[in-house]
Each structure stands twice: as structure tokens, then as C-alpha cells.
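# Fold and geometry: a report
Each chain, letter by letter, is given below.
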There are 2 protein chains.
Amino acid sequence: MSSSPVLAEVARLAGVSAATASRVLSGRGPASADSRAAVLRAAADLGYVPHPVASRLARGTGTRLLFAVRDRRTDILSDPFVTRAATAMAAATDPDGLGVCLRRLPLDAAAELDRIAADRSVAAVVLAGHDGDLLDHLPTGLRGRFAAIGAGGLDVDSTAGIGALLRHLHTTGRRRIALIGGPPWLAAARAPLHTYTGLMREAGLPIRVVPGDFTTARGRTAARTVLRRWPDTDAIATVSDATALGVLQTLAETGVRVPHDVAVTGFDDVPFAACAVPALSTATHPVELIAAAAAQAALGAAPRDRLFPSRPVLRATA
Amino acid sequence: MSSSPVLAEVARLAGVSAATASRVLSGRGPASADSRAAVLRAAADLGYVPHPVASRLARGTGTRLLFAVRDRRTDILSDPFVTRAATAMAAATDPDGLGVCLRRLPLDAAAELDRIAADRSVAAVVLAGHDGDLLDHLPTGLRGRFAAIGAGGLDVDSTAGIGALLRHLHTTGRRRIALIGGPPWLAAARAPLHTYTGLMREAGLPIRVVPGDFTTARGRTAARTVLRRWPDTDAIATVSDATALGVLQTLAETGVRVPHDVAVTGFDDVPFAACAVPALSTATHPVELIAAAAAQAALGAAPRDRLFPSRPVLRATA
DNA sequence: CTGTTAGCGCGTTCAT
DNA sequence: ATGAACGCGCTAACAG
């Protein structure tokens, strides 16, 4: 069996030069209707598929999309959001002949970002977990081949999602609502916090905030903190399902009834949120879509949307 | 600032030809101690890093690792096992300049596998969800750059894991143990089934098997089936945490007390298993390790282990 | 609009 | 053991 046909064979069959065939097939550069048709036919006849590696070497672009996740936790790469997003990117870039690689970045990621910018195998970078400063000081080498997930980049409309949940809590009679937020170094954590304080002020309700880090363990301890500092709390909102599940554990252990005594809301709608007991009320958003869009944006496609909807899902905890 | 140094510059600085420099740096081919030292020094001085894309084009090997998941479900790519494994591979192959791409394969995957074998951008393939037949009829083009996860490849020692859980059920007095197994078309589903029937026979206990598919939804319906067909069942073992969580839901709705009336065991130890109510007893195994090992094996490294431990984690449901 | 000529950066014969 | 030359497959710059 003959090996895969190469561009030169297509060109010969079409009766044109390799350059013309390349121009037609890659869609960049002029070509007459005649040669276009001839090349396309020849390519189809031969079952030609361009060699992504050769193409990208010639073009000087890399062959992989780097998903960089900045976080303090060293186990962040097993976070459900990260695994879902990385997987979605790997599926989304497959048709382009690209692959995805994954790397954790420490909080001071500047040096590592420089190294990434110099890595010629990296076609583009998607960054999650940034703070504002990092986005302002991106290596110039990353211009045009970079996208961020979170505040300032492609983001979940957390204002809408968290806002809807908080309003629901208020509507159903909750008046002492605590928030377990995100880590302070994370840009994407500011919007939910802002939404919360805004709504509480507007409603004349007390502000009760404890920082979190998207883990279940922290959810457990944060819930303890809330109960200790504000024993009359009647609702705990969080910015992460994992955190909310930790909260549920603590409340169960403490004998606090959910939602009777305290209502709880999560954020993300992880696959198992519906399996929690009581089933977790949360907000759902298209993580896979966002990840795929971020990948496309980093690779140069004009992003269709920058803000993705977050819709409340009311189950049993609120 | 000058762009990344290339091989030719290293060679010039070392006073040798590019060919020699290549031989030294890639480690294949002869080289005198003198030139070796000179080349290594020059490379270090210049901070030389080989261009993975150029290297792989010249060598004819691809630039990405394809993780192919064969399954009937079209949403299999959001299965927790898949997302965890894909993510682990993307992190593991990062240092090699490779990326990971992900693709679902239908049950009759032969044609697609041929296409994959012909894709010159694919360095190697990791396959999950195979049946025995598929492994026997692999495209020859995949020889030496292929690894399978599951029976016949790198696998979880499910015999040990499931066996330990079943023995625990027996030890704690359960005598009418049902199993919700895996789908029939999956090679990796046979071992647990075999373990189950063997142990039940040995103990003189009845065989009660319902097929599953690793989803929570199926866990719910399968549990109903079990309760209807064998109302005196006092334990339900599963081969997937997602399924076990579905079982827990059905039992809760039906008013069956866990573990008092019916014990339940899962398999995989997903992050959420500990948060279930009651907390799920299951078996844990190093998914990330397995995935990374499979990636290395596919890329040609001799795998250190083929069977990975599965250790029971007894929480509240059994 | 098209073909020719040079690369992209590295691996690998083949002489020497 | 070493270097010159060529090849991997495609794209970009340049004439025409």
C-alpha cells in the first residue's frame, strides 16, 4: 500500500505547481477558478490530507495548545473545572491537527510565561487563574496567540449566575446570607464578591464573607467559621460546587438542617451536584463550550462570545 | 533580543558540524568524547532547546498523542475517568514537546483506527474502551506506538479491588449480593464479572447480575431492576462510582436504608464519593498514574507496570 | 495569477 | 568519528 499522498503529487495530478496547490488548499493566496477546481479535485481523488507538522514547521507556528493554570494548589490539575476544560480543548483542537498540553503555573508566573512564549512548539496559550496584573504584562511574544479564561477574557457571567441565586435566597426569605468566595489572588473571584456585596447592601442585609479556594476541604472549614462567627446565618452561598459540598458535610455533622435551617448554593453544576443529599442548588454554565471557545480564540479565531450564560439550577438545598 | 538558538549555531560554537551536534544531542550515533563535551557545553551556553516540530518532522514521527475512547455514549468524553485520564496525559506529555488530542470512537472502530494510523501528526495512540477483537486486529501501522488502557493493556487490578469489596460484604454478613456490571461490549468489564461469579459460587451465594454502563442514570434504573427481581437483596456492588451514586438515589427514594437494609459499593473513588450521603464505600486506584504510564508506553517507553493496585476504601455505605 | 527558488530546523545516509 | 549533502512536507518571497 502506498503511503499518504503529498502536496507534490496533488500538484502534478492537477497540472499546477506545488505553490499553487498549497495556496488553494490552505486558502491563503490567490488562485484562478480553474486551478482551484483542478487542485481540489486532485486532492479529493488522492484522498490528500496535509501534513500538519510540516505545515506548521514551515509556517513557524507550533503544534500544540498550552493550557496554563495558575494556582497556589499543586493539585489544581485534578480540579474538575480544569479536567473538563482541558478535555474539551483536546477534543476541540483535534480536527486542526493540534494537541493540548497542560501545565500548572505558580502565582508568580511571569518567568514561566516568558519561557512559554519562547517555546516554538507552542502554537497558542490559554490561561486560567490569572490576576489583572498578569494580563497587563503578557510577554509580547504571546500577542495574537493567547486567550484567558475568567475575568478580562472569556468568562462565565458569574454576576448573573450568582446574582440569580442570591436573589432566589432573598425571595425565599433568607436574610442573613454568608458568602464563601474565591481566593483573593484570583481576578475571576472579584465579580461574585462584588455582586454579593452590592446585592446585600441594596437589600440592607449584613455582609458576611469568608474566602475559599474551590476545594471541599476548605468548604468544610469555612462553614465552621461562618457558624462560629455568625450563628444566626440562614444561607450560605459559595462560588464552587466542591466548596458547597464541604459546607453540606459540615452542616450535616453539626446537625444543621438543609435547607430548613440554612440554605446552600453552589456554582458550576458539577456532574455529581445532583447526587448530593440534599441535591445541590447551583448555577450551571457551559464549561466545555467556554474551553473550546478559548482554544479557538487563542488560535486566532475571532471569539463569537466573551460572556457565557450562567443559569440557576434549583434543586433541594435552596 | 535574538531568537532561539538553532542547532547550526551550537555546532559552530562547538567547532563541529551540525550532523555531529545532532548526533550528540539526540544521543543516537557515534561521537568522540571531545566533540561530545564541546557540543554539550555549547548547547548549555546558548541555552539551546531543540525544536520539537522540526525534529519530529525530520524523524517522521508525529507531534501528538491521541487518546481514543471507544464507547456507545456520545457524551463519553465528559466521563470523569476520561477527563481525569486525558488531563493526566496532557500534563505528562508536556515535557516531551507533545500534545494530547481526544477522540471518541464508535463501537465499530476499525475504519477510524485505520484513518488514525495514517495520520502523520499522530505520534502514538492510547485506546480505552476496547474489546478483545479490536486489539487483535490493530492496524499494523500502529505497532510500537500504541497502548491500551483496560483488559489486555495497562489495567486496574479490578479483580483485587472488586474482590476485596465483595469479601468485605460477605464478611459483614451480606448473603444476597447483586452486581451491576459494565457493558457487555467492553473487555475490561469481564474481569469484575468473573471475580463476582467466582466468589459467589465459592461461597454458595446466588448470582444476581444486571448490566450497567458507568452512568448515574443507569445506576438508578438498574437498582430498580434489582429490587424488583430480587427483593431480598442485601447488598449491591457496582463497577463504577457514578452507578453506585445512582443506586443510592433509588434506594433513598424507595425508603431502603443504606447500609442497614442494603449495602452499596462503588468503584473508582471519584472525588465526590466521599461527599455522598452516606459516604460511598468504593475502591481507589491511581487513574492519573495509569494514564501517564499508558502515554509513556504508547510513546515507546517500556512500561514498568501493567497492573495497578485497587485498594478498598470503606466509608459508610458498606 | 503562476511557477521557481529558498527556506523552516533537524535527522540521516554516505563517503571519507 | 566526522562532515557534506540531501530529505522530511509544506509555505513564503520573488519574479514573471
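Predicted model only: the values in this text are computed from it and were never measured. (Residues numbered from 1 in each chain as written. Chains lettered and ligands numbered in written order. Predicted model: local features only at pLDDT ≥ 70, side-chain atom pairs only at ≥ 80, totals over all residues. Heavy atoms only, no water.)

## Quick word on the domain arrangement of chain A
What counts, and what does not: Domain extents, as shown, originate in an automatic or database domain assignment.
Along its sequence, chain A is organised into domain 1 (7–50), domain 2 (64–155 + 289–307) and domain 3 (157–286). When each unit is reduced to the centre of its C-alpha atoms, the spacing between domain 1 of chain A and domain 2 of chain A is 34 Å.

## Structural notes on the relation of the copies chain B and chain A
How we decide: Copy-to-copy alignment: least squares on C-alpha atoms, limited to residues at pLDDT 70 or above in both. By definition in these notes, contact holds between two residues if any of their heavy atoms fall within 4.5 Å.
Overlaying chain B with chain A gives an RMSD of 0.3 Å, the required rotation being 180° about an axis along which the chain moves by 0.1 Å. Viewed as a symmetry operation, the transformation between the two copies matches a two-fold axis. The position closest to the rotation axis in chain B is occupied by the C-alpha of Gly99(B), lying 2.1 Å away. Interface overlap between copies: 93% of the residues of chain B at the interface are likewise at the interface in chain A, consistent with a symmetric, same-surface contact.

## Considerations on the interface of chain B and chain A
Spelled out, the test is: We define buried area as the total accessible area lost by two parts upon association, computed with a 1.4 Å probe and summed across both. Salt bridge, as used here, is a side-chain nitrogen of Lys or Arg placed within 4 Å of a carboxyl oxygen of Asp or Glu. Polar contact is defined as a pair of N or O atoms within 3.5 Å, subject to the rule that within protein one atom must be able to donate a hydrogen and the other to accept it, and that residues adjacent in sequence are counted only when both atoms are side-chain atoms. Strands are runs of DSSP state E lasting at least two residues, helices are runs of H or I lasting at least four, and both sets are numbered from the N terminus onward. As a working rule, the residues Ala, Val, Leu, Ile, Met, Phe, Trp, Tyr, Cys and Pro are called nonpolar, Asp, Glu, Lys and Arg charged, and the rest polar, with Gly in that last group.
In this complex, chain B contributes 42 residues to the contact, which on the side of chain A involves 41 residues. Between chain B and chain A, the buried area comes to about 3,400 Å², and carbon and sulfur atoms account for 63% of it. Seen at the junction of chain B and chain A, the total is four salt bridges. Residue Arg103(A) pairs with Asp94(B) through a salt bridge whose shortest N-O separation is 2.6 Å. Summed over the shared surface of chain B and chain A, the result is 13 residue pairs in polar contact (both at pLDDT 80 or more). Counting residues per element, the ones that place at least two in the side of chain B that touches chain A are helix H4 (52–59), helix H5 (80–92), strand E2 (99–105) and helix H11 (241–254) of chain B. With six residues, H5(B) is the largest single contributor of residues to the side of chain B that touches chain A. Of the residues in the side of chain B that touches chain A, the class split is 25 nonpolar, 12 polar and five charged.

## Comments concerning the pairing of strand E3 (residues 122–128) of chain A
All names here are of chain A. Rules: Classification of residues uses two cut-offs on accessible area relative to the type maximum, computed with a 1.4 Å probe and protein chains only: under 20% is buried, over 50% is exposed, and between them is partly exposed. For two strands to be treated as a pair, DSSP must find no fewer than two bridges joining them.
Among the seven residues in E3, seven count as buried, and that is most of the element. Bridge count between strand E1 (residues 64–70) and E3: six bridges; the pairing is parallel. Bridged to Leu65 within E3 is Ala124. Here E3 pairs with strand E4 (residues 146–149) via four bridges, running parallel. Residue pairing in the sheet places Val126 in a bridge with Ala147 of E4.

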